[in-house]
Amino acid sequence: MGIAKYRQVTEWIQNRIATGELNRGDQIESENDISRTFGISRQTVRHALGLLEQQGILTRIQGSGTFVRDEQAEQEEKKMLSHTVDILTTYVDGYIFPRILQAMVERLEKEGYSARIMFTGNRIETERRLLERMLDEGSRDPLIAEPVMSGLPNPNLKFYRRLLARGIPILFFNSFYENLDIPHISMNDVQTGRAATEYLIEKGHTRIGGIFKTDDGQGRRRYLGYLKALGHAGIEVEESRVTWIDTQEMKDFSRIMEKLKYRLSGCTACVCYNDEVAHELTRCLLKTGKKIPEDISIIGIDNSELAKLNPVPLTSIGHPMEELGSRAAEAILRLIKEPGCDVTYEFPVSLKERRSVCRCAEQ
């Protein structure tokens, strides 16, 4: 009798679908209503509905009920959910970027999102062209962007504002534009500069030089951390020991070597903007006969492969490359679901000691 009853339920529903009484996406009666109609237990009704669900005829939605399956609508919904996330980065090869981007893309793909990676070369005009193209295409894709020359006034902020006005989720990584209310995932660059400088102070250094990048926000914030550490230790700040460099100068370090030698004259240690700068400084100083760390201690930032491969392995503040990429992906996914939420996060500082710093002999 039980078998006949559940078959009556399945045939009743299938016939209603076949005659057009029930259409794709229509909700069917509740288990209680069907139970009363056929005078059978809810368990028997549940068994019948379960069979139809296994056959792909019905679908159950938690908290909503049971519906005639609409495969076409499901496919359309999947297409809507499978967004492409645009990733705008300064560079895509070398140094820290592959590991950040790989982690970012892997995390997005796990959630059904594909990634379109574009790079600016840290050039304002390229950033403008890419943002204009997104606007012209009518793109609705979420955007994860690494700001271009975030230490300088930028004429492209208006394009970000126009994307925001369309309701497009935007997240910055590695740095941010201070004039835009857009969340970011990055290192805590002020604390990074401070920790690097404090480490040198702990090693007895007081004549500490610095090389910072003037056109990126990270450089300015790391310099602020440098100032804070010196001030807290009661060490007088001497601007003659600080060298400011920009993106173009980093491409040909040898051209600024004379300036660096002049600025670092008399210094026993130097805080470098990142491992790239520390690596080039090491090479140039070694060519002039300087010994590291005996003549001058050097500390880098990022703890990249360059830190390990440097002629004198670098003590360096770590960059959470994979973690940053994954966290940025998670943050944009949350912004998609919860527009306007605050997902800003700055990673705490970690330091890896190697051989480029020694205790200062002048105590």
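Scope of this entry: the structure provided in the associated data block. Quick caveat, the model's predicted, so the values are computed rather than measured. (Residues numbered from 1 in each chain as written. Predicted model: local features only at pLDDT ≥ 70, side-chain atom pairs only at ≥ 80, totals over all residues. Heavy atoms only, no water.)

Describing the state of the cysteines
Stated formally: Note on terminology: disulfide denotes any pair of cysteine sulfur atoms within 2.5 Å.
Enumeration over the complete set of coordinates arrives at zero disulfides. Counting only cysteine sulfurs, Cys358 is the nearest neighbor of Cys360, a cysteine outside any disulfide, at a range of 7.5 Å.

Section: the nonpolar core
Which entries qualify depends on this criterion: Residues grouped as a nonpolar core are buried Ala, Val, Leu, Ile, Met, Phe, Trp, Tyr and Cys residues, joined through side-chain atoms within 4.5 Å. In this scheme, a residue with accessible area under 20% of its type's maximum is buried, one over 50% is exposed, and one in between is partly exposed, where area comes from a 1.4 Å probe on protein chains only. Helix and strand definitions here come from DSSP, where helices need a minimum of 4 consecutive H or I residues and strands a minimum of 2 consecutive E residues; each element is numbered from the N-terminal end.
Ile87, Met104, Leu108, Ile144 and Leu171 are the most contacted members of the largest nonpolar core, which totals 25 residues. Counting only elements with at least two residues in this core, the list comes to strand 3 (84-89), helix 5 (97-110), strand 6 (170-173) and helix 14 (321-337). Considering every element that reaches this core, the biggest residue donor is helix 14, with eight residues.

What about the sheet that holds strand 5 (residues 143-145)?
Note the following rule: DSSP-based pairing: two strands are paired if at least 2 bridges between them are found. Axis definition: a line fitted to C-alpha atoms, over the contacting stretch in the case of helices. Angles run 0 to 180 degrees between N-to-C directions.
Taken together, six strands build an open sheet; the order of strands is 4-3-5-6-7-13 and the sheet is parallel. This sheet does not close on itself; its edge strands, each paired only once, are strand 4 (114-119) and strand 13 (345-347). Adjacent strand axes in the sheet meet at a mean angle of 15° when their direction is disregarded. Across three bridges, strand 7 (residues 184-187) lies against strand 13 in parallel orientation. Each residue of the ladder has a partner; that of Met187, found in strand 13, is Phe347.

As for the packing of aromatic side chains
This is how the line gets drawn: Only centres within 6.5 Å qualify two rings of Phe, Tyr or Trp (six-membered ring in Trp) as a pair; their planes then separate them into stacked at under 30 degrees, edge-to-face at over 60, and tilted for everything else.
Tallied over the entire structure, the rule returns 11 aromatic pairs. With a centroid separation of 5.3 Å and 75° between ring planes, the pair formed by Tyr160 and Phe172 is classed as edge-to-face. Taken together, the residues Tyr160 in helix 7 (residues 157-165) and Phe172 in strand 6 connect sequence positions 12 residues apart. Given a relative accessible area of 0%, Tyr160 falls into the buried group.

This is a description of form; function is not addressed.
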